[in-house]
Amino acid sequence: MAHFSFLISSKTYYMKKLISTFAIAFSLVMLSFTAQNSNLDEVIGALKDGNANELGKYMDDNIELTLPDKSNNYSKAQAILVLKDFFDNNAVKSFEVKHKGDQNGGQYCVGTLQTKSGNYRTTVFMKIKDNKDYVKAIRFQSIE
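Residues numbered from 1 in each chain as written. Predicted model: local features only at pLDDT ≥ 70, side-chain atom pairs only at ≥ 80, totals over all residues. Heavy atoms only, no water.

Trainee: Any chance you could explain the nonpolar core here in plain terms?
Mentor: Across soluble globular proteins, nonpolar side chains have a tendency to be buried as a group. Counting residues in each nonpolar core, the largest one holds 28 residues, and the members touching the most others are L55, L83, F87, V135, I138 and F140. Ranked by the residues each element gives to this core, the list is headed by helix α3 (residues 76–89), at six residues. Excluding anything up to four places from it in sequence, V135 contacts V43, Y58, M59, D60, I63, V124, F125 and M126. (Core = buried A, V, L, I, M, F, W, Y, C linked by side-chain atoms within 4.5 Å. Buried < 20%, exposed > 50% of the residue type's maximum accessible area, 1.4 Å probe, protein only. Helix = DSSP H or I, 4+ residues; strand = E, 2+ residues; numbered from the N terminus. Contact = heavy atoms within 4.5 Å.)

Trainee: Explanation requested: the pairing of strand β2 (residues 70–75) in the structure shown.
Mentor: The side chains of a regular strand alternate between both faces of the sheet. As paired strands, strand β1 (residues 59–67) and β2 are joined by six bridges and run antiparallel to one another. What sits directly across from E64, in β2, is N73. The antiparallel hairpin formed by β1 and β2 contains two residues in its connecting segment. (Pairing = 2+ DSSP bridges.)

Trainee: How should I be thinking about the side chain of T115 in this particular structure?
Mentor: Within the element layout of this structure, T115 appears in strand β4 (residues 106–115). For T115, a relative accessible area of 3% corresponds to the buried category. There is a polar contact of 2.5 Å between the side chain of T115 and the backbone oxygen of G118. If we skip the residues at most four places from it in the chain, T115 touches N90, A91, V92, K93 and Y120. (Polar contact = N/O pair within 3.5 Å; in protein donor to acceptor, adjacent residues only side chain to side chain.)

Spatial relationships are all this shows, so hold off on functional conclusions.
Structure representation (structure tokens):
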């Protein structure tokens, strides 16, 4: 009889161990999804504030930047300066997200940037590189 109870406690031990391992693995997977979404949320927050330096924290080394009067590929440092100038000339009032999604191994967001000088349809594209999301492109199109 003692041998039988040992088998039951042994099985219980292994089941608890298996469930614990599964719970930890599941938590890590969920945490990685949360981290990816928060990067896009942080970028959205920086757009709402018109904060080029904050946007810069999430930019890749090179970024495609499209403004109503110019479009080019910039280094991260150049893109921050161009965005600072854009936000200085177009004081941000708000940013309203219209759509967020996943595409081609990255995320994107489409919204309306409301400024004191007009509104802009804004699209942000992010890509995963080295297990981190980076802004690869930002487009501002004037809304008539």
